[in-house]
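# Examination of the molecular architecture
Letter by letter, the chains look like this.
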Amino acid sequence: MTLITLLSNRAKKIPQKTCIKFKKKKYTYLEIDRLVSLTAGGLQELGLRIKDRIAILMSNCPEYIISYFAGLRAGGIVVPVNSFLTPKEVSYILMDSGCKILICSRDFRSYAGEIKKHLPDIKILTFDEIPQKEAKPYAGYEKETAVHLYTSGTTGFPKGVMLTHLNLKSNVEAFMKIIRVTNRDRMLLFLPLFHSFTFTVCVLMPIYTGASIVLLESVKPFSHVIKSILRDRITMFVAVPTVYNILARKKIPFFLRCLFRYFSNVRVCVSGAAALQQETVREFEKRFRWPLLEGYGLTEASPVVSVNPFDGVRKPSSVGPPLPGIEVAVIGDKGNRLTTGEPGELIVRGPNVMKGYFNKESETKDVLKDGWLYTGDVVKIDGDGYLYIVDRKKDLIIVDGMNIYPREVEDALMKHPSIEECAMVGISDGKGSEIPILYIKKKDGASVDEKTIRDYLKGHIAQFKMPRKVIFIDEFPKTATGKIKKAELRKWEHR
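Our subject in this report is the structure included herewith. (Residues numbered from 1 in each chain as written. Predicted model: local features only at pLDDT ≥ 70, side-chain atom pairs only at ≥ 80, totals over all residues. Heavy atoms only, no water.)

### Describing the packing of helix H1 (residues 3–13) against helix H2 (residues 29–45)
Pairs of packed helices are described in terms of their axes, by the angle between the two and the distance that separates them. Running from N to C, H1 and H2 cross one another at 140°; their axes reach a closest spacing of 8 Å. Our classification of the angle between H1 and H2 gives oblique. The crossing of H1 and H2 is left-handed. Contacts between H1 and H2 involve Leu 7, Ser 8, Arg 10 and Ala 11 on the former and, on the latter, Tyr 29, Leu 30, Ile 32, Asp 33 and Val 36. A class-by-class count of the residues in the contact of H1 with H2 yields six nonpolar, one polar and two charged. (Axes fitted to C-alpha atoms, helices over the stretch in contact; angles between N-to-C directions. Helix = DSSP H or I, 4+ residues; strand = E, 2+ residues; numbered from the N terminus. Parallel < 35°, antiparallel > 145°, perpendicular 65-115°, else oblique. Left-handed = near helix turned anticlockwise from the far one by under 90°. Contact = heavy atoms within 4.5 Å. Nonpolar A, V, L, I, M, F, W, Y, C, P; charged D, E, K, R; others polar.)

Right under this line is the structure:
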């Protein structure tokens, strides 16, 4: 079975079961499967051929999920695009992936002009503009590429992570064994659909098991999330640490806490995409009595590598043991295997590991060696096989589960005529997220202030990548070879 046949198989077995609920409308598995088939035929009519790339740029809606599966059923490779990016950043991804078609919601039609400058032949249309026609049958095969998920790693421009049907399918199968998902579950989905964690855990997994998805447009307003938990009898709640921090610390009326504790159907909560503070876990579980499971993963691993078990021991500060079928090891600077408890780089091997980076052979060879994925994350493993994250990739900043890669911001700013040097680092905000801080050294005689910097960056980077603080300095701390010591910069905010 591939992701192409996944939905149709479920539609045959449970045609009248609710697949997606969005606002007040319910879509059965049969209805979703039918819409996918007609949309896939329309994409073929528009010229999409086998292995052509098709991008999706939408906010959360049923049409996003339909477009995703329709792209696969038409024989294409799906490219989910981060909806927080600027038109310039979106254009780069579309160019790099060689997309033939972009499906966007109406709120992103304004991007068309910028995109057409770089890709004059790309077809840009909304979901409603796709003709409805029966698709020509295409089943694909497991080792065929299903998606390109763009991630920047720690340096350079975004890279397209090529994940196969087997990669994603194996990750779903392994994860659901640990979480014990069944067709009676109801999954609340409010995280952005373009995120690898969201789509694997909140879309592919429930469809694989025949569960139902309750889809919200976003996490805001948060009152909609609260209401949905009770109204829709949610059994599985998946979120990022920021959301759990709010729930653990926000003043919630006593009667509402009682409703959650005694009348809700939530049986398990899962946290991913960023580190979760143990204090948040304790306060959250104490308040709601729902088990909160933290896991670890990365896009290149489809993305889940490990998770604390639903049944069994959950260790404080650990992200759990690896999923079934996934091997992990810890290596030192010289590539030697380290023993229990020693911190070193985590390497991963299994059917979930990516095929490689699209059109980037050198970068692929840097991280895929002898079947092992070199994550760049520093961990230690205890005697029971549980993973503990010691540090993340060197410069990566994570804000509310979103990755910010400092070099992208730095490269954009260095084009400003008044800037001599700059560096952006992240420091913990104490709530499971980070604060991006931009340090700047001006050129001699230059007159520039924080407002000028922010106004300049607005045209070059997405809003979520903006620094929270801009600090001007006279000199940067540097190594003997002239490299800026970012580790030292991270300490400066605490002086």
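Anyway, onward from the coordinates.
### Quick look at helix H6 (residues 165–179)
Residues spaced three or four apart along an α-helix face the same direction, because each turn holds 3.6 residues. Across its 15 residues, H6 extends 21 Å between first and last C-alpha, which sits within 8% of the 21 Å expected from 1.5 Å per residue. For H6, the buried fraction is high: 11 of the 15 residues fall into the buried class. For H6, the set of buried residues is His 165, Asn 167, Leu 168, Lys 169, Ser 170, Asn 171, Val 172, Ala 174, Phe 175, Met 176 and Ile 179. Backbone geometry just downstream of H6 places Arg 180 in the positive-phi region, at approximately 60°. (Expected span 1.5 Å × (residues − 1). Buried < 20%, exposed > 50% of the residue type's maximum accessible area, 1.4 Å probe, protein only.)

### Some words on the packing of aromatic side chains
Evaluation of the coordinates by the stated rule reveals 14 aromatic pairs. Aromatic pair Tyr 68 and Phe 69: ring centres 5.6 Å apart, planes at 65°, arrangement edge-to-face. Each ring, one from Tyr 92 and one from Phe 157, has its centre 5.1 Å from the other, and the planes form 25°; the classification is stacked. With a gap of 65 residues between them, Tyr 92 in helix H4 (residues 87–97) and Phe 157 in the loop between strand E7 (145–151) and strand E8 (159–164) connect regions that are remote in the sequence. The partly exposed category is assigned to Tyr 92, whose relative accessible area is 22%. Residue placement shows Arg 10 over the ring face of Tyr 208; its charged tip is 5.7 Å from the ring centre. (Phe/Tyr/Trp six-rings, centres within 6.5 Å; stacked < 30°, edge-to-face > 60°. Lys NZ or Arg CZ within 6 Å of the ring centre and 35° of its normal.)

### Quick notes on unusual backbone geometry
What is expected of a backbone is that most residues other than glycine have negative phi and most peptide bonds are trans. Geometrically, the link from Lys 220 to Pro 221 is a cis peptide bond, its omega value of -5° lying close to zero. In this fold, Pro 221 is placed in the loop between strand E10 (212–215) and helix H8 (222–231). Phi angles above zero are rare outside glycine, and Arg 233 is one such case at about 50°. Tracing the backbone shows Arg 233 in the loop between H8 and strand E11 (236–239). The exposure class assigned to Arg 233 is partly exposed, which follows from its relative accessible area of 47%.

### Considerations on a positive patch on the surface
There is a patch of like positive charges on the surface, built from Arg 49, Lys 116, Lys 123 and Lys 136. Of note, Lys 136 is situated in the loop between strand E6 (123–125) and E7. (Patch = residues over 30% accessible without salt bridge, like charges linked within 9 Å, V, L, I, M, F, W, Y side chains within 5 Å. Areas by Shrake-Rupley, 256 points an atom, 1.4 Å probe, with all protein chains shown as cover. Salt bridge = Lys/Arg side-chain N within 4 Å of Asp/Glu carboxyl O. Lys, Arg positive; Asp, Glu negative; His and termini not counted. Charge placed at Lys NZ, Arg CZ, Asp CG, Glu CD.)

### Details of the sheet that holds strand E2 (residues 25–28)
Overall, mixed pairing links the eight strands, which are arranged E2-E1-E10-E9-E11-E12-E13-E14 in an open sheet. Of all strands in the sheet, those with a lone pairing partner are E2 and strand E14 (304–307), marking the two edges. The mean angle between the axes of side-by-side strands here comes to 25°, regardless of whether they run parallel or antiparallel. Relative to the sheet, H2 contacts strand E1 (18–22) and E2, its axis offset from that of E2 by approximately 75°. In the packing of helix H9 (residues 241–249) onto the sheet, contacts are made with E11, strand E12 (268–271) and strand E13 (292–297), and the angle to E11 comes to roughly 115°. (Pairing = 2+ DSSP bridges.)

### Digging into the sheet that holds strand E25 (residues 469–472)
With mixed pairing, the three strands of this open sheet are ordered in space as E23-E24-E25. Edge positions in the sheet fall to strand E23 (419–428) and E25, since each has one partner strand and no second. Adjacent strand axes in the sheet meet at a mean angle of 25° when their direction is disregarded. This element, helix H13 (residues 406–413), spans E23 and strand E24 (434–442) of the sheet and lies at about 155° to E23.

### A look at the pairing of E25
Where E24 lies against E25, four bridges are found, and the strand directions are parallel. Residue Ile 437 lies in a different strand from E25, and its bridge partner there is Lys 469. In this fold, E24 hands off to helix H14 (residues 450–458), which returns the chain to E25; that crossover is right-handed. (Right-handed = clockwise from strand over helix to strand, strands pointing away.)

### Focus: the nonpolar core
Within the largest apolar cluster, 156 residues are counted, with the highest numbers of intra-cluster contacts made by Tyr 68, Leu 94, Phe 237 and Leu 457. Ranked by residues supplied to this core, first place goes to helix H7 (residues 196–209) with nine residues. Within the second largest apolar cluster, nine residues are counted, among which are Ile 437, Tyr 439, Phe 476 and Trp 492. (Core = buried A, V, L, I, M, F, W, Y, C linked by side-chain atoms within 4.5 Å.)

### Concerning the environment of Lys 451
Take Lys 451: it is sitting in helix H14. When its relative accessible area of 57% is taken as the criterion, Lys 451 is described as exposed. At 2.8 Å, the side chain of Lys 451 and the side chain of Asp 455 are in polar contact. (Polar contact = N/O pair within 3.5 Å; in protein donor to acceptor, adjacent residues only side chain to side chain.)

### Quick look at the pattern of salt bridges
Inspection of every chain in the model, using the stated rule, returns 28 salt bridges. The shortest N-O distance in the salt bridge between Glu 114 and Lys 117 comes to 3.6 Å. Of the two residues, Glu 114 and Lys 117 are both situated in helix H5 (residues 112–118); the distance of three residues between them amounts to about one turn of the helix. Two residues, Lys 441 and Glu 475, come together in a salt bridge whose shortest N-O distance is 3.1 Å. Taken together, the positions of Lys 441 in strand E24 and Glu 475 in the loop between E25 and helix H15 (486–492) put the pair 34 residues apart, joining distant regions of the chain. Put simply, Lys 21, Arg 231 and Asp 232 are held in one network by salt bridges that share partners.

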